[in-house]
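Spelled out from the first residue to the last, the chains are:
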Amino acid sequence: MFELDCKLLSIFYYIYKFKSVSVAADHLAMSQPTVSNILNKIRAHYNDPLFLRIGNEMVPTELSKQLYPLVSEALSKVEIINNFSVNFDETASHQQFTVAMTDVSHLVLLPKISQYLKQHAPHVKLNVRAITSETSYQMANGEIDLAIGFLPQLENGFYQQKLFEQFYVVIASKDHPRLNQQSMTVEQYLSESHIDIDAGVGHYHIANELLNLDLKRNVLMRIPSYLGVGLVVQDTDSIATVPYYLSEVLLSRGNLQIFPAPISFPTYSIKQYWHMSCHHKTSHQWLRHMCYEIFSQVNSMPLPSQLLSPQNELDI
């Protein structure tokens, strides 16, 4: 009976990863006919085409999609065995990790990571990517080592660990002509003009809660991410609803003030996510432990006194 070995599994893995026989062949330093012949043997073994050519891509069948995480994990374990070391030496390693983050994570978390690496792992490199619709696929095929943010859409085959809880506050210019107290009423919130940030789940949380309460804001401007919201708000009379730990960064850099949100918007957990194929790698374990140690401390940070008072509740 024909049996699959690591070499054959690698061919399946790289065809799946690159969606191309020729690119997989180049990566493996093999000829394209050889790779095609071996693929035909694997197809015969499973009695399934495994990949269908659509346009210029080899698109996986349903069986391939089910096999891929198992093959990925198996090859990863073989790699661990071949490169086994007792510990990951952060002080000497020159390894590069690829981490996907939301724009809020870029602003809030990257400085903390950078400071830690400078002190403890000076040669370790980071390649930071934005989180997109392709992130889960890129994590599964090994392009991305870790994702940090709010990613409830990840399916089976991924691990997750909570880092801290995020909630919403309101920011306004320090020179705002109508807002100069430590609290804000629902009526004040709705009467002001708003900068709305159309940034995925956060935008949905706010818009959905307002819809449920049958409330409408006066939206002056919509922007696609949180990256420029502080500069816009500090130079206008508009306000913006943003995650609290982002507001801390913005307040330290701009002419802004912060208010507790007068409406109880949902909170959400910021987590780190990784694919099962890298779960046992010592270098990845170090990366995850570093992030957990840095970011789990966020939950223990004292909040400003004005944010400790109960939020104003709208009486429906």
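Quick note: structure is the one above.
Cut-off values and rules
Residues numbered from 1 in each chain as written. Predicted model: local features only at pLDDT ≥ 70, side-chain atom pairs only at ≥ 80, totals over all residues. Heavy atoms only, no water. Helix = DSSP H or I, 4+ residues; strand = E, 2+ residues; numbered from the N terminus. Expected span 1.5 Å × (residues − 1). Buried < 20%, exposed > 50% of the residue type's maximum accessible area, 1.4 Å probe, protein only. Arc of directions from axis to C-beta. Contact = heavy atoms within 4.5 Å. Phe/Tyr/Trp six-rings, centres within 6.5 Å; stacked < 30°, edge-to-face > 60°. Core = buried A, V, L, I, M, F, W, Y, C linked by side-chain atoms within 4.5 Å. Domains from an automatic or database assignment. Salt bridge = Lys/Arg side-chain N within 4 Å of Asp/Glu carboxyl O. Axes fitted to C-alpha atoms, helices over the stretch in contact; angles between N-to-C directions. Left-handed = near helix turned anticlockwise from the far one by under 90°. Pairing = 2+ DSSP bridges.

*Asks:* Got a minute to help me understand helix α3 (residues 32-46) in this structure?
*Replies:* Residues spaced three or four apart along an α-helix point in a common direction, a consequence of the helix completing one turn every 3.6 residues. End to end, α3 covers 21 Å across 15 residues, agreeing with the expected 21 Å (1.5 Å per residue, within 8%). Among the residues of α3, Val35, Ile38, Leu39 and Ile42 are the ones counted as buried. Seen along its axis, α3 keeps its buried residues to an arc of 105°; they face one direction. Among the exposed residues of α3, those pointing more than 90 degrees away from its buried face are Pro33 and Ala44. Buried-residue contacts for α3 involve α1 (6-18), α2 (21-27), β1 (51-54) and β2 (57-60).

*Asks:* In this structure, what is going on with the packing of aromatic side chains? I would like to understand it.
*Replies:* Counted under the stated rule, the structure contains 20 aromatic pairs. Between Tyr159 and Trp274 the ring centres are 5.7 Å apart and the planes differ by 10°, which places this aromatic pair in the stacked class. A residue pair is termed long-range when its members are at least 10 positions apart, and Tyr159 in strand β6 (residues 158-166) and Trp274 in strand β12 (residues 268-275) qualify at 115 residues. The class of Trp274 is buried, set by a relative accessible area of 6%. Clustering of aromatic rings is evident, with ring pairs tying together Phe12, Tyr13, Tyr14, Tyr16, Phe18, Phe51, Tyr68 and Tyr137.

*Asks:* It is not clear to me how the nonpolar core should be interpreted in this structure. Could you clarify?
*Replies:* Generally speaking, soluble globular proteins have nonpolar side chains that are buried together. Counting 59 residues, the largest nonpolar core has Ile148, Val229, Val242, Trp286 and Phe295 as the members making the most contacts within it. Per-element accounting of this core gives the leading share, six residues, to helix α12 (residues 282-295). Residue contributions to this core reach at least three from each of two domains, namely domain 2 (96-163 + 272-299) and domain 3 (168-260). When neighbours within four sequence positions are excluded, Phe295 is seen to be in contact with Leu109, Lys112, Ile113, Ile148, Leu163 and Phe164. Membership of the second largest hydrophobic core comes to 24 residues, among which are Ile15, Ala25, Leu67 and Leu75.

*Asks:* Help me understand the pattern of salt bridges, please; the structure alone is not making it clear to me.
*Replies:* Oppositely charged side chains can form a pair if their charged atoms are brought close together. Applying the stated criterion across every chain, the model contains five salt bridges. A salt bridge links Asp196 to Arg217; its shortest N-O distance comes to 3.1 Å. Of the two residues, Asp196 sits in strand β8 (residues 193-197) while Arg217 sits in the loop between α9 (201-212) and β9 (218-223), which places them 21 residues apart along the sequence. Across the pair, Arg217 and Asp196 agree in class, each one buried. Two residues, Arg222 and Asp196, come together in a salt bridge whose shortest N-O distance is 3.2 Å.

*Asks:* Mind showing me how you'd approach unusual backbone geometry here?
*Replies:* In terms of backbone geometry, most residues other than glycine have negative phi values and most peptide bonds are trans. Although it is not a glycine, Lys19 adopts a positive phi angle of roughly 55°. Take Lys19: it is sitting in the loop between α1 and α2. If you check the backbone angles, Leu50 has positive phi at about 65° while not being a glycine. Positionally, Leu50 belongs in the loop between α3 and β1. Leu50 gets classed as buried once you look at its relative accessible area, which sits at 0%.

*Asks:* Would you take a moment to explain the side chain of Thr98 for this structure?
*Replies:* The residue Thr98 is located in strand β3 (residues 96-101) in this model. Sequence-distant contacts of Thr98, that is, excluding residues within four places in its chain, are made with Asn127, Arg129, Glu143, Ile144, Asp145 and Leu146.

*Asks:* I'm lost on the packing of helix α6 (residues 110-120) against α12 in this one. Help?
*Replies:* The geometry of a pair of packed helices is captured by two quantities: the angle between their axes and the separation between those axes. At a closest axis distance of 10 Å, the pairing of α6 and α12 adopts a crossing angle of 120°. For α6 against α12, the interelement crossing comes out right-handed. Contact residues: α6 offers Lys112, Ile113, Tyr116 and Leu117, while α12 offers Trp286, Met290, Ile294 and Phe295.

*Asks:* Please explain the pairing of β3 as it appears in this structure.
*Replies:* In summary, the side chains of a regular strand alternate between the two faces of the sheet. With five of six residues buried, β3 is to be regarded as a mostly interior element. The pairing of β3 with strand β4 (residues 125-130) spans six bridges and is parallel. Residue pairing for β4: Ala100 is matched across the bridge by Arg129. The sheet contact formed by β3 and strand β5 (residues 146-149) spans three bridges and is parallel. Of the residues in β5, the one forming a bridge with Met101 is Ile148.

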